[in-house]
Amino acid sequence: MTGSFLTKLPCLYRATMKRIARASLAAMLLWALCFSVAYVLTDDTPQRALRSTPVATPFPVHEAFGKSRGEVFGAILSTNSQVIAWNLAGVATFGVSTVSNLAINGLVLGGFLKMQVLQGASPPFLLRYTLPHSLEFIGVWLSGGIGLSAAWLVFRWLCGKPSLDRASALSLLMSAVASAVIIIVAAWLEVFVTLRDVL
């Protein structure tokens, strides 16, 4: 029995990873749609008075989270971990928490980025403070794909259809570990690369 499973494992694993990849793509598209909507619809009405104010940094984490790099790293990692956790919680909420979290994350970031542009931030300036740690978006989309895939597998299982097997569980677990590693690396990059001139 075990030998048969091990023989089939590579095929089962690849099939599950394809499902996760498709779900991650769907998560990315949902996030991008919400980001685009927020970016397009955000205007400068509340910020007209700030037009003459120089933009120091679009991410004032130094003042918000603490004085040391360790404190800032911990705060950023905690925030990113909560985003990942809400995405993964889709397994217990039939994907509702995953979809809502991706939508909110995209809307907030899209609106925030547009406000920075309206305040006078140039494209090179924004890239300087976003591109180095943009790896975290992959972690967000991957965890969103995991949440959606797991929710679909649970739904099929409740309907009496074969879905949740050891290969699927292994694939989901490995993908979840990968997303966790990604956000840890992204938080380190944000503190020690993106914000090296701020902290």
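It should be emphasised that the depicted structure is a prediction, and the values quoted were computed from it without experimental measurement. (Residues numbered from 1 in each chain as written. Predicted model: local features only at pLDDT ≥ 70, side-chain atom pairs only at ≥ 80, totals over all residues. Heavy atoms only, no water.)

1. Things to note about the overall build of the chain
For step 1, the next point in the chain: If you tally the helices and strands in the chain, you get 8 helices and 0 strands.
For step 2, the next point in the chain: Scanning the chain from its N terminus toward the C terminus, one meets helices and strands in the order α-α-α-α-α-α-α-α.
For step 3, the next point in the chain: Per-residue burial over the chain gives 39% buried out of 199 residues.
For step 4, the next point in the chain: In the chain, 85% of the contacts between residues at least 6 apart in sequence involve partners at least 24 apart. (Helix = DSSP H or I, 4+ residues; strand = E, 2+ residues; numbered from the N terminus. Buried < 20%, exposed > 50% of the residue type's maximum accessible area, 1.4 Å probe, protein only. Contact = heavy atoms within 4.5 Å.)

2. Observations regarding the packing of aromatic side chains
For step 1, the next point in the chain: Per the counting criterion, the structure on display carries 8 aromatic pairs.
For step 2, the next point in the chain: For the pair Phe-35 and Tyr-39, a centre-to-centre distance of 6.3 Å together with 15° between the ring planes defines the contact as stacked. Residue Phe-35 and its partner Tyr-39 are both found in helix α1 (residues 2-41); the two are separated by 4 residues, about one turn of the helix.
For step 3, the next point in the chain: Residue classification places Phe-35 among the buried positions, given a relative accessible area of 18%.
For step 4, the next point in the chain: Here Tyr-39 falls in the partly exposed class, since its relative accessible area comes to 28%. (Phe/Tyr/Trp six-rings, centres within 6.5 Å; stacked < 30°, edge-to-face > 60°.)

3. A word on helix α5 (residues 96-118)
For step 1, the next point in the chain: Here α5 contains 23 residues, and its C-alpha end-to-end distance of 33 Å stays within 8% of the 33 Å for a straight helix at 1.5 Å per residue.
For step 2, the next point in the chain: Residues of α5 that are buried include every one of Ser-97, Thr-98, Asn-101, Leu-102, Ala-103, Gly-106, Gly-110, Gly-111, Lys-114, Met-115, Gln-116 and Leu-118, and no others.
For step 3, the next point in the chain: One or two residues past the end of α5 sits Gly-120, with phi positive at roughly 110°. (Expected span 1.5 Å × (residues − 1).)

4. Concerning the packing of α5 against helix α7 (residues 135-158)
For step 1, the next point in the chain: The geometry of α5 relative to α7 is characterised by a closest axis approach of 9 Å and an angle of 155° between their N-to-C directions. The angle between α5 and α7 falls in the class roughly antiparallel. Relative to α7, α5 is oriented so that their crossing is left-handed. Side by side, α5 and α7 meet where Thr-98, Val-99, Leu-102 and Leu-109 of the first sit next to Phe-137, Val-140, Gly-144, Gly-147 and Leu-148 of the second. (Axes fitted to C-alpha atoms, helices over the stretch in contact; angles between N-to-C directions. Parallel < 35°, antiparallel > 145°, perpendicular 65-115°, else oblique. Left-handed = near helix turned anticlockwise from the far one by under 90°.)

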